Each structure stands twice: as C-alpha cells, then as structure tokens.
Amino acid sequence: MKKHLLLVVILYLITCYNSFGSASTEIKGSISGVITDEKTGKPIQGASIYIADIKTGSSSDANGKFIITNLSEGVHLIEVSHVGYTTIAATVDISGDVTRDFKLTEAIIENSTVIITGVTKAAQLKKVPFQVAVIKKDELLQNAGTNLIDNISRKPGIASVATGPAISKPVIRGLGYNRVLTINDGIRQEGQQWGDEHGIEIDEASVNKIEVLKGPASLVYGSDAMAGVINIITNVPVQNNTIKINAGSNYQSNNRLTSINGNVAGNINGFNWNMYGTVKEAADYRNRYDGYVFNSKFNEHNAGGYLGYNGGWGYSHLLISNFNLKTGLTEGERDDEGYFVKDIAGGSQVRATEDDFKSTKPEIPYQHIRHFKIGTDNNFRIGKNNLGINVAWQRNQRQEFGNPDDIREAALYFDLKTITYTAQFHLKEKNGWKNSIGINGMNQQNNNRGIEQLIPDYSLQDLGGFIFSQKEIKKLTLSGGIRFDNRNVSVQHLLDAGTIKGDAFSKSFSNVSGSIGGTYAISNTINLKLNIARAFRAPGISELASNGAHEGTIRYEYGDQQLRSETSTQTDFAIEYGNKHFSLNAAAYYNYFNNFIFYRKLLNNNGTDSLVAVDGQQLTAFKFDQEKAHLAGVEVSLDIHPHPLDWLHFQNSFSYVAGRLQTAIEGTKNLPFIPAPKLLTELKADFKKVGKNFSNCYIKFEVENNFRQNKVFTAFNTETATAAYSLMNAGIGTTVINKRGVELFSLNLSVNNIADIAYQNHLSRLKYAAENLATGRTGVYNMGRNVSLRLNVPLSFSIQQ
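Definitions and limits used
Residues numbered from 1 in each chain as written. Predicted model: local features only at pLDDT ≥ 70, side-chain atom pairs only at ≥ 80, totals over all residues. Heavy atoms only, no water. Helix = DSSP H or I, 4+ residues; strand = E, 2+ residues; numbered from the N terminus. Rg over C-alpha atoms; globule rule 2.2 N^0.38 Å. Buried < 20%, exposed > 50% of the residue type's maximum accessible area, 1.4 Å probe, protein only. Contact = heavy atoms within 4.5 Å. Areas by Shrake-Rupley, 256 points an atom, 1.4 Å probe, with all protein chains shown as cover. Lys, Arg positive; Asp, Glu negative; His and termini not counted. Charge placed at Lys NZ, Arg CZ, Asp CG, Glu CD. Patch = residues over 30% accessible without salt bridge, like charges linked within 9 Å, V, L, I, M, F, W, Y side chains within 5 Å. Salt bridge = Lys/Arg side-chain N within 4 Å of Asp/Glu carboxyl O. Pairing = 2+ DSSP bridges. Axes fitted to C-alpha atoms, helices over the stretch in contact; angles between N-to-C directions. Phe/Tyr/Trp six-rings, centres within 6.5 Å; stacked < 30°, edge-to-face > 60°. Lys NZ or Arg CZ within 6 Å of the ring centre and 35° of its normal. Core = buried A, V, L, I, M, F, W, Y, C linked by side-chain atoms within 4.5 Å. Polar contact = N/O pair within 3.5 Å; in protein donor to acceptor, adjacent residues only side chain to side chain.

*Asks:* Please clarify how the overall build of the chain should be interpreted in this entry.
*Replies:* A count of helices and strands for the chain gives 6 helices and 50 strands. For 801 residues, the compact-globule estimate of 2.2 N^0.38 gives 28 Å, and the C-alpha radius of gyration of the chain, at 26 Å, lies within 12% of that figure. Residues classed as buried in the chain amount to 57% of the 801 residues present. Taking as baseline every contact in the chain between residues at least 6 positions apart, the subset at least 24 positions apart corresponds to 66%. Surface accessibility of the chain: about 32200 Å² in total, with carbon and sulfur atoms responsible for 56%. Charge-centre separation for the chain: the mean point of 80 positive side chains lies 7 Å from the mean point of 75 negative side chains.

In structure tokens:
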C-alpha cells in the first residue's frame, strides 16, 4: 500500500514541478462579460460560468459581471447556467483578453447542457448521438432519497437494485452490476460491483453533478460499460481569489436519518482546493405491513477533497477520498407471530426490541465497507494540442460479519487493490474535426482475509486503446471511433478451511468495440439522434469462479470457468423537440447480446430446488449461464410550460424495457430482473423571486406509477411477478437571500409516499426474504411515508489582491 501511495504522490509532484517551471512562459488569456435575463434585461447574480475541459470557472456578481483569468489560449466550450434558466453552451476562441456577454432565457429544455461522459472532450448534449441524463446538485437537494442511486433512479431508463435504504446499485435500461461503470472525478470506481449487496462507495453530500450515459460506452471506457456509465463529479474548482464554505444537514422521519456535511473550497491565483466531510446515520426503517424492519440501520463517515493548480498550461490536481459504511443486512427472519427476531450468542434467537429498532449500530449480520482512493488528474497544453493523464490507486475492503458468538469474526473479507490509468491526446480542432487517441487500463489484486471464501484470490491486468473523432458539417454532427481491449485474469485455488474446492486457472479475453452516430438539427426546435455501438464485457470473477454464500444474499452461487465474453450491438434513435412552452424527448433502442450471462436456479435429481447446507441453513443453489438475448425499450419525457403561466411545469416521463432470451428455458424467454414500466407525472411551480428575501422558490406534487411486472424469468422459481403500485410525493423549497441578493441559506422539504402505501419494488432484493407466517406475505416491503428536511448554508469570501 505504501509503495502505491508513494508512486501516485511522486507522479503528482513531478507533474507540478514541470508545470510550475513553465508557468513563466505560459500563454494566458481571459474572458469577461455580463449575464442578463433576456426578457427583462436585468443582471443575473450567481450564474455559473464553467469550462469543463480545463476545470475552471466563475460566477456573476450583483451586476451580472464575471471574469475568468489564467486561461490557456485556444478554443473552449463554455457553459453558462443558473437555476430556473436554460443553460447556454458557447464555443469561444480565447486569444488574449476576450469579452462575451450572455443572455439567459426561462428554462424549458436542457439539451444545451455541456457533458463530459462518453466523449473525449466536453460537448453539448444536443450534439452527442446517445442519451445522457444530467442531474445537478440543486435537483438532488430537492429529493428525499436515502442514498445517491435512489435519487437518480427517478430519471427515465434508470432504476436500482436495492437491499434496504443504505445499498442501491444502478440499473440502466434493464442492465446492472458489472455492466454499469461508475466514474468519479475521472477515476474508474472499483469495488465488488458484481455483488447484490454492494453499493457504490461515494459520498452523496460531496456530489456537484451526475451524468448518466444510457447505452454502450465501451469505445471510451472499455469492458463493463455495456449498459452505460454513471459519471459522478465531486470536485469543481471555485472562481479565482475566492474561498467558499458550505454546511448542510438532512433529517428524514421514517428511519430517523440524520446527516451533517460540510466543505471548504478555495482558489487563490490558480492554487485551488476542496475539503469535505460527512457523518450520516439511520435507524431501522418502517412500513405499514412490517412495522420497523429489523437491521435495516446504517451509519456512514466520509471525507475527501483535492489540491491542485490551474494555469495557462492546463491543470494538475491531487484527489483523495475515504468512504466508510457500516450497514445491517436484513434477512427478514420472524417468529410464528410475525415479530422480527435477532441471533444471539449460543445459537438461539430473541425478538427484536424497540431499542433495537431505534439504534443506529448494525446488528449481526452486517457488513463494513471501506474505500480509500488517491489519484492525480492532469491536463497539459502541448502546442495547440492537449494531453490528459489520470492515474489512481484505490483500496476496497469489505468485511461481512455473521457470527453472534464472535461478533468480531469476519466471515468474508475482500481486500481489493486497484491501479487505474488513462491517457488521452486531443489534437487541435481543424476544419471541423475533433480527433483524440487514448489508452486506459488497470491492474487489480484481490485477497481474501476472512475465514470463508466466496471468490478466490486473483490478479487482473486490463489494457485498451481507442481512436475517437467528431466532425461538424453545418447542422450535422458525426462522431465515433474504434477500440481494442485485452484482459488477463489469473485465479488462485478457492479454499474452504484449507481444502481446495475450486481449481486455479488463467483466462484471457480480447475484443474490438466501437460506435458511430450523428445528430442533425432540422431546425432550432427539432433535433434527431442516431447511434450504433458495439460493446463487450469480460466475465466477472464471481461469474467465473464463485463457489459459496455470503450474508444477506439468501443464495449459494456457483461460477463457470468456461464463460465467454459478452458482446452486444445497440441501435439508438431519438427525436428532441423544444420551444418556449413545450418540450419532448422520445428515445427508442434495441440491444442484441451474444453470450448474455445470467444466473439460474439449479435443480436436484428429484426436480426440486438444489439446496446447500451452510451453517445450519439450507440455501438455494444458483449457477451462471449464457444465452443469446436482446433488450428493447422506449423512454419519453414531456414538459408542458403553458403561456402565460410561465412559472408552471407539467412534467411527465415514461420508461419501458423488455428483455428476451433467444432460447426458452423451462418455458420462459424473459430475461431476469427487468425493471417494471414506470410513469412519473409532476406538477411544479417555479418562482425566481418571492418578495425581497426569497428566491428560487418551488412547490411540486408528483405521482409515481409503477406498473405490474409479470414478464419475469419463472424458470426454476428464480423470479416472481410484482404488483403495480402508485406513490404520491410532494416538495417545497426556497433560498433565503439578504437585501444585496446574497444567499443566506436554502431549505428543502419533501414527502415521499404520502399515503403510506405498502409496496414492493420489483428490483428490491428484500422481496425474496422469508415469508411472514403470521400474515402469509412473502418478503419485506419498501419504506413507508418519509418526510425529509434539508438545510444548506453557504458562505463566500473574496480575496483582494
């Protein structure tokens, strides 16, 4: 560990030395201007002006004025945004000191947003041929989710596999686990993403923006980006000669969740930094059928930040984060009268008490997750070209405890260490062409330190290279490229108390992937998108070599060494329409898979479920298998913004996906665990200012309709249908300002599941917990009514030079 940490720090110091050494000869420019309301002509205070490629920006003052200095000369894509206004993206050629004013209009459609996901350089959303959902911090604060993935699953095409309030895994267009790649500040996040009860290890309160690419992204990211990418952006430099302090808190009524977070960020003559920390804890949640759900509690302690320098030559940042979560694993065991029970020393069980439900300290079984990450993110100007380099080291430790006679005994202890690296060379734009070449890869080592092994020790080497191009021809924007990847995996013996129960082996996987697509602006209001992409995924270590059970999974898993790489070809088509009073985004896709990997139940010789005895429990056996398959779906978003009620939004989103195997298994062709169709309808009123002391005011009411999911993988009783349900949610919020228009604090109050409906989400793993013998209901139900109150207090100081 010390060697890898030292290597990353040395690389960063060398980078800084070389960069600062050339600072005296660097070519610098600036941009300044005024941000105004197009309708009223009045200046807009607090608008954000940001250049994503070089990670620098500013905000407008009380007179709408802004300035960004210390810029490298050349062509830059600038994003101008403010709550309640449509984002502007403009290409500006920085040569010396440039002046440019911007006029913002009332928000209705957000296809001018600048994104960095799935492309090698920042691009306008309307000019990329695939679908990307953008979730900004303001939107996250307005919702009452108990974790980050729960919050973003409101977007069409995005769902989550949940194991209680603390753990949710993203699902994009019906695909999840190792088919979804998570990126955090340019670093590929590597944990045990193959597991059901393993969420992502990123502090929700630290997030500034999330971009979700829906569809294959192997061209830029390689293996595992078959379904899409969750790109979480945490560290965004503040404007020059400014220090900002932010403190926030959140309370949620259902499980008594309390969260306190804060950060300090600054930028003095290009030297910039950010430090953040969060403390979060929650007791057991409740619902109308189960009452309090025993051991759904958790506590979380996180810290992180970055330190770096931005200059005319580019930027260099040193990133660091530490995530620490302890969460109970709900098994749903109850006595004959329907009361939850807990294991105690000596092998017996007792009923959980009121004090147990109110505690935030997880009981047996529980897991302890720690994820430490350090990396360096750099971008250098080389002549009129740019070179981006990102190197990181991370360590993921997961301990699972399930022995009431020795609560410190880790049944499973995965110790995963990963080095990731990326280099991209961006050639100067010429005649409308934007070309990039790049490589990325990783080296990974997993060691078991617990008394049991679910997967063996292994090492992995990954390397890929790609070429990406984009060409603008008037109203047409074309983009695409090609990539080659190679992955080598060396697996050690799988051991059980010193006995070999799985042989050692080595495997190699190679593949070619790529994409080609385009967008065409028929007019200022109509935009068309088409994209065809080929993606691949090497089988994960659990799919190849697992042989065991772990707490909370309620199953025993067998891997298969003979699995081959998954490959897929997806076609996406979308039409976007937007004017001042109406917007529509309709997308359809078809995704064909070779060698789709899934797990199915095993049967014994009598034709019934195969059971494996583990510590006195009979666990159902599953094994990974492969078949040809396809998925198809639609996503529609409609926003009506009626005149003259410019403050009113009637927003609707609908998503549907169906997955089918080419060959029926036990009479069914349905792919397992496909999200149910969902329709979200929201009526929202936005007011930029109410009186002299309230701005960015809103009030909203929404109905979330989840349709019945009866297209399930019924073979071997793997999956059961889920009933339809509808939830009513509401929210209200405002920002309190002083006479000068400076923000003092913001408040967001929201209520989820107002009617306290008892329901089970189709992708909830707790749906398959044990039957309640007193009621005859199977599994554990989702959270009931939940009231959330968020307070955010910002402070900002200007440093006079």
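*Asks:* I keep staring at a nonpolar patch on the surface and nothing clicks. Help me out?
*Replies:* A cluster of nonpolar side chains, namely L645, W647, F687, V690, F694, I699, I732, L747, L749, L789, L791 and V793, defines an oily patch on the protein surface of about 920 Å² accessible area. By residue number, the principal contributor to the nonpolar patch is strand β50 (residues 786–798), which donates 3 residues. Structurally, I699 is set in strand β47 (residues 694–706). For I699, a relative accessible area of 44% translates into the label partly exposed.

*Asks:* Just checking my understanding: could you explain unusual backbone geometry for this structure?
*Replies:* With the exception of glycine, most residues fall at negative phi, and the peptide bonds are largely trans. A cis geometry characterises the amide bond from I364 onward to P365, with omega recorded as -5°. Relative to the helices and strands, P365 is located in the loop between α5 (354–358) and β28 (366–382). In the Ramachandran plot, R173 falls in the positive-phi region, its phi being about 50° despite a non-glycine side chain. In this fold, R173 is placed in the loop between β13 (168–172) and β14 (175–176). A positive phi angle is found at N269, which is not glycine, with a value near 55°. Counting through the fold element by element, N269 comes out in the loop between β20 (257–268) and β21 (271–282).

*Asks:* What should I look at first to understand the pairing of strand β6 (residues 88–94) in this one?
*Replies:* Both faces of the sheet carry side chains from a regular strand, because those side chains alternate between them. Examined bridge by bridge, strand β5 (residues 74–81) and β6 share 7 bridges and lie antiparallel to one another. By the bridge assignment, L77 is partnered in β6 with T91. Between β5 and β6, which pair antiparallel in sequence order, lie 6 residues; one of them, G84, sits at a positive phi of approximately 90°.

*Asks:* Is there a simple way to think about the sheet that holds strand β17 (residues 209–214) in this case?
*Replies:* The strands making up a sheet associate through hydrogen bonds between their backbones, and the pairing can be parallel or antiparallel. Pairing is mixed across the open sheet formed by 5 strands, whose spatial order is β11-β17-β18-β15-β16. Only two strands of the sheet have a single partner each, and these edge strands are β11 (131–136) and β16 (187–188). In this sheet, strand β18 (residues 228–233) lies alongside strand β15 (residues 180–184) in parallel orientation, the contact comprising 5 bridges. The partner of N184 across the bridge, within β18, is I232.

*Asks:* Where do I start with the pattern of salt bridges in this structure?
*Replies:* Side chains carrying opposite charge are able to pair once their charged atoms draw close together. One pass over the structure, following the stated rule, counts 29 salt bridges. For K297, the salt bridge is made with D284, and the minimal N-O distance between the two is 2.9 Å. In this pair, K297 sits in the loop between β23 (291–292) and β24 (298–311) while D284 sits in the loop between β21 and β22 (286–287), placing the two residues 13 residues apart along the sequence. In this structure K297 comes out as buried when scored by relative accessible area, which is 0%. Taking the relative accessible area as the measure of exposure, D284 reaches 0% and is therefore buried. Close ionic contact of D415 with R395 constitutes a salt bridge, the shortest N to O distance being 2.8 Å.

*Asks:* Explanation requested: the environment of L747 in the structure shown.
*Replies:* Tracing the sequence through the fold places L747 in strand β49 (residues 743–752). Put simply, L747 and L77 are 670 residues apart on the chain and 33 Å apart in space, counted from C-alpha to C-alpha. Residues contacting L747, with those up to four places away along its chain left out, are I732, G733, T734, L789, R790 and L791.

*Asks:* Explanation requested: the sheet that holds β6 in the structure shown.
*Replies:* Taken in spatial order, the 4 strands make up an open sheet running β3-β2-β5-β6, and their pairing is antiparallel. Pairing within the sheet leaves two strands with one partner each, and these edge strands are β3 (56–59) and β6. With direction set aside, neighbouring strand axes in the sheet form an average angle of 25°. Examined bridge by bridge, strand β2 (residues 48–51) and β3 share 4 bridges and lie antiparallel to one another.

*Asks:* Would you mind going over the packing of aromatic side chains with me for this structure?
*Replies:* Describing an aromatic ring pair means giving the distance of the ring centres and the angle of the ring planes. Per the stated rule, a full pass over the model turns up 16 aromatic pairs. A centroid spacing of 6.3 Å and a plane angle of 35° characterise the contact between F66 and F102, whose relative ring orientation is tilted. Placement of F66 in strand β4 (residues 65–72) and of F102 in strand β8 (residues 102–104) is noted, with a sequence separation of 36 residues between them. We note that F66, like F102, is buried. Three or more aromatic residues link up through ring pairs in this structure, and these residues are F271, Y309, W313 and F380. Seen from the ring of F596, R179 lies directly overhead, with NZ or CZ sitting 4.3 Å from the centre. Lying over the aromatic face of Y698, K684 brings its terminal NZ or CZ to 5.2 Å of the ring centre.

*Asks:* Where do I start with the nonpolar core in this structure?
*Replies:* Grouped burial of nonpolar side chains is what soluble globular proteins tend to show. Judged by nonpolar contacts, the single largest core of 34 residues is most densely connected at I152, I210, V212, I230 and I232. At the level of secondary structure, the elements contributing two or more residues to this core comprise β11, α3 (148–152), β17, β18, β41 (582–601), β43 (617–640) and β44 (648–665). Broken down by element, the residue count for this core peaks at 4 residues, all from β41. Residues M442, V489, A538 and F624 belong to the second largest nonpolar core, which totals 23 residues.

*Asks:* Explain the side chain of H649 to me, please; I cannot follow it from the model alone.
*Replies:* Inspection of the secondary structure puts H649 in strand β44. Residue H649 is classed as buried on the basis of its relative accessible area of 8%. Within polar-contact distance, the side chain of H649 engages the side chain of D639 at 3.3 Å.

*Asks:* Mind showing me how you'd approach the environment of E409 here?
*Replies:* Looking at where E409 falls in the secondary structure, it is placed in the loop between β29 (385–401) and β30 (410–426). Under the relative-accessibility criterion, E409 is labelled partly exposed at 24%. Dropping the residues within four chain positions of it, E409 is found in contact with E400, F401, G402, N403 and I451.

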